Amino acid sequence: MTPPADAGAATADIALPSPAAAKPETPFRRFVSEFCESHLAVGALIIFVLIALCAIFAPWISPQNPYDLAVLDIMDGRLEPGSRNGDNTMTFWLGTDDQGRDMLSGIFYGLRISLAVGVGSAFIAFLVGMALGLMAAYFGGRTDSVIMRLVDLQLSFPAILVALMILAFLGKGILNVVIALVVVEWAYYARTVRGTALVERRKEYIEAARCLALSHNRIVFRHLLPNCLPPLIVVGTMQIARAIALEATLSFLGLGVPITEPSLGLLIANGYEYMLSGKYWICFYPGIALMVTIVVINLVGDHLRDVLNPRLKR
Amino acid sequence: MTAYLIRRLLQASLVVVAMSLLVFIGVYAIGDPVEILISPEADQIERERAIQALGLDKPLWLQYLIFVANALQGDLGKSFVYAEPALKLITARMPATLELAIAALVLAIILGIPLGLFAGLKPENPVSKTIMAGSILGFSLPTFWVGLMLIMIFAVELKWLPSTGRGETATLFGVAWSFLTWNGLRHMFLPALNLSLFKISLVIRLTRSGVRETILMDYVKFARAKGLSPTRVVGVHVLKNILIPVVTVTGLELGGTIAFSVVTESVFAWPGMGKLIIDSINVLDRPVIVAYLMMVTLMFIIINLLVDLGYSALDPRVRLASQGG
C-alpha cells in the first residue's frame, strides 16, 4: 500500500538530507520510474496524450469547422482521402463524408465528444461508486448488505441491456448517455473500493484514528480513502475505455448522442451505408481513431495495475 | 434446502415485480406516445378515439394494473406499429437470435479451447503471445466496429461472404432456421464470429489459466511419470479438469450473448429480437419495448436463480451460510 505521495515526500526530505542521495526515492518517483519500465505503456500514454490534445484543441487544429454549414460544399461530398476541394484551397487528407465534411476535422470534433462523455461519466461513476463503497465497508451491517445487494443485482445484468433500458426511458442526448453510463459503471467502483476498504479498515492506523476520536468523515476521507485509491485508479482507467466503447456502441445504434453533436460512434454509423458501396473512409477512419483510443487506454490501465498491485511488487 | 429455495424464489419474484414497475413507469411516464402514433392531421375526434383504443386515457397506475393482469395471461400488449401482439412479434424473432447466440457459443468453444490450450502449454512462444494480445483486443474493442471491419474485409473487399441478412432458411419444427441451408450458414458465419469474439477471448483466458494451474498438479506429474503420451496427458487428464469452469462460464454467458446480439444484429441486419428492440426504441413502440425488456430481465433473473440454486446444491457452505445469516 503506497502512502499518500506528499506525506512520503515530506518524510523522505527529512530522512535523507545527505548530499550523496541527489534524488530521494519518494513513492511517487518510484511509481513513475516503475511505470517507465514498460516502453509499451509509456508509448501508449504518449499517444493518449496526443489524442487528448487533438480533442481539446479541435477547433484550432482542424482544417475546417465541420459543423459550420457555410464552409461545407455538397459538391465535395464523398471525396476520396487526399482529394482537393472544389476551389482547390484545401486537401481532405482523410476524405469527406456525404455532406462534404472533412473527415479529419470531423474526427477531431468527434473525439472531443467521445472523450468528454467517456471521461466525464467515468469520473461521476467514480465519485458515486467510491462514496457508496466506502459507506458499505465502513459502516458494515445493514448498509453494507443493501448496497452490495444492489451492486450484485446491477452486475448480473449486462451493461448494454441496462444502458439500453435507460436510454429507452430517457431518449437520446449527451446528458442521458452520461446518466446511463454512470448507472452501468458505479457498481464496479463500489465493489472495488469496498473490497480494499474492508482490508484497510482492520489495520492499525485506522484503529489509531478511531482512538483519537476523530470524526467519521475525517477517518473515511483523510485516512481510509487515500489508501484505497490505487486499485480504484486502475478500475477507473479501464472504465474510461469501457465507457468510450459503450457510448460509441449506443451512438452507433442511434440511441446515444444526437446528430448535432456527433461522437465517433455516430460518425461510424453515418459511414456504414457507404461502406457497402466501397467508400470505406467515411466509417473506417473514425473507427481507427476509436480503436486506437480504447487500446492505448487499456494498455496504460493494464500496466498501471501491474505497478500499483502490491502483490506483484518485487 | 426447502427454506432456502423458497426464500430465493421470493427474492427473485420481488425483483421481477420491481423490474416490471420500473420498466413500465420508465417507458410510459416519459414522453408522449400520442405525438408519435397519431398523425398531426387527425382531427380531435380521431385523436380521442385512438387514445381510447390504445388505453392511454386511463391513469398510469390503472394502466400498470391492466398491464400486469394481461401479462400474467401472457398478453404483453399490442405493438403500436405492427398492430400485432408484442409477445408474438418477439417470439417470432427469437429463433434467429437464439441460433446466432448458440452458433457464437459453439465458435467460442471450438476456437477458444485449442488456442487457450496452446497459449497455456507454451507460454513463451511468440504465437501464444499473439493469441493473448488478440484476446485483449477481443475484450476491449467495441463489437460493432469489429463487425464493420469483418464486413469490410470479407464481404466488400474479398467478396467471400454475404454482408447482411439471414439468407435462405429451412423449416424444422415449424420454425425457420438458417443453419440448415448452405446459404444460411454463409450468412450466419460473420455475425456469429462477431458475436463470439468476446466469448472466444474469455474462453482463451480461462483455458490458459486453467492449463497453467493444472499442469503443476501432482496427478499430472504422475500421469507423465507413468509414461503416458503427452497427447493423452493434455487431452484427457488436463483438459477434463479445466473443462468444468470453461463450460460453466460459457453456459452462463448465453444470457449476455443474447443481450449483446442487439449490436451484432444491427450491424449485420440480422432479423432477430435485438434488431426489433432497436427499431422499436427508435419509433417508440412502447408495448414491444416493455415486452422485450420484461422477457430479457425475466430470463436473466431465472438464469441467476438457477446458478445460485445450482451452487448451493453443489456447495454446502453456501447453503449453511444463508441459513446461519
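Just above sits the structure.
Residues numbered from 1 in each chain as written. Chains lettered and ligands numbered in written order. Predicted model: local features only at pLDDT ≥ 70, side-chain atom pairs only at ≥ 80, totals over all residues.

**Thoughts on the overall build of chain A**
Then step 1. Looking only at helices and strands, chain A features 12 helices and two strands.
Then step 2. In sequence order, chain A lays out its α and β elements as α-α-α-α-β-β-α-α-α-α-α-α-α-α.
Then step 3. Within chain A, buried positions represent 45% of all 314 residues. (Helix = DSSP H or I, 4+ residues; strand = E, 2+ residues; numbered from the N terminus. Buried ≥ 20, exposed ≤ 12 C-beta atoms within 10 Å, placed from the backbone.)

**Brief notes about the packing of helix α5 (residues 103-139) of chain A against helix α6 (residues 141-155) of chain A**
Residue and element names in this part refer to chain A.
Then step 1. Between α5 and α6, whose axes approach to 7 Å, the crossing angle comes to 145°. Taken as a pair, α5 and α6 cross one another with a handedness that is left-handed. On α6, the residues touching Leu132, Met135, Ala136 and Phe139 of α5 are Gly141, Thr143, Asp144, Ile147 and Met148.
Then step 2. Looking at side-chain class alone, the contact of α5 with α6 contains six nonpolar, two polar and one charged residues. (Axes fitted to C-alpha atoms, helices over the stretch in contact; angles between N-to-C directions. Left-handed = near helix turned anticlockwise from the far one by under 90°. Contact = placed C-beta atoms within 7 Å. Nonpolar A, V, L, I, M, F, W, Y, C, P; charged D, E, K, R; others polar.)

**Some details on the interface of chain A and chain B**
Then step 1. Listed per partner, the contact involves 33 residues of chain A and 32 residues of chain B.
Then step 2. When contributions to the side of chain A that touches chain B are tallied by element, the ones reaching two or more residues are α7 (159-170), α10 (216-252), α11 (264-275) and α12 (281-308) of chain A.
Then step 3. Grouping the amino acids of the side of chain A that touches chain B by side-chain chemistry returns 26 nonpolar, seven polar and no charged.

**What to know about the nonpolar core**
Then step 1. Formed by 160 residues in total, the largest nonpolar core has its most connected members in Ala163 and Tyr189 of chain A.
Then step 2. Tallying contributions element by element places α5 of chain A first for this core, with 18 residues. (Core = buried A, V, L, I, M, F, W, Y, C linked by C-beta atoms within 7 Å.)

**Remarks on α5 of chain A**
Count 3.6 residues to each turn of an α-helix, and residues three or four apart come out pointing the same way.
Residues and elements named next belong to chain A.
Then step 1. Its 37 residues give α5 an end-to-end C-alpha distance of 53 Å, which sits within 8% of 54 Å, the value for a rise of 1.5 Å per residue.
Then step 2. Counting buried residues along α5, 27 of its 37 residues qualify, which places the element largely inside the surrounding structure.
Then step 3. Backbone geometry just downstream of α5 places Gly140 in the positive-phi region, at approximately 60°. (Expected span 1.5 Å × (residues − 1).)

**With respect to unusual backbone geometry**
Then step 1. The phi angle at Ala213 of chain A is positive, at roughly 60°, despite the residue not being glycine.
Then step 2. Owing to 7 C-beta atoms within 10 Å, Ala213 of chain A belongs among the exposed residues under this scheme.
Then step 3. Backbone geometry at Ala269 of chain B places phi at a positive 50°, although glycine is not the residue there.
Then step 4. Looking at the element boundaries, Ala269 of chain B is found in the loop between α10 (230-268) and α11 (273-282).

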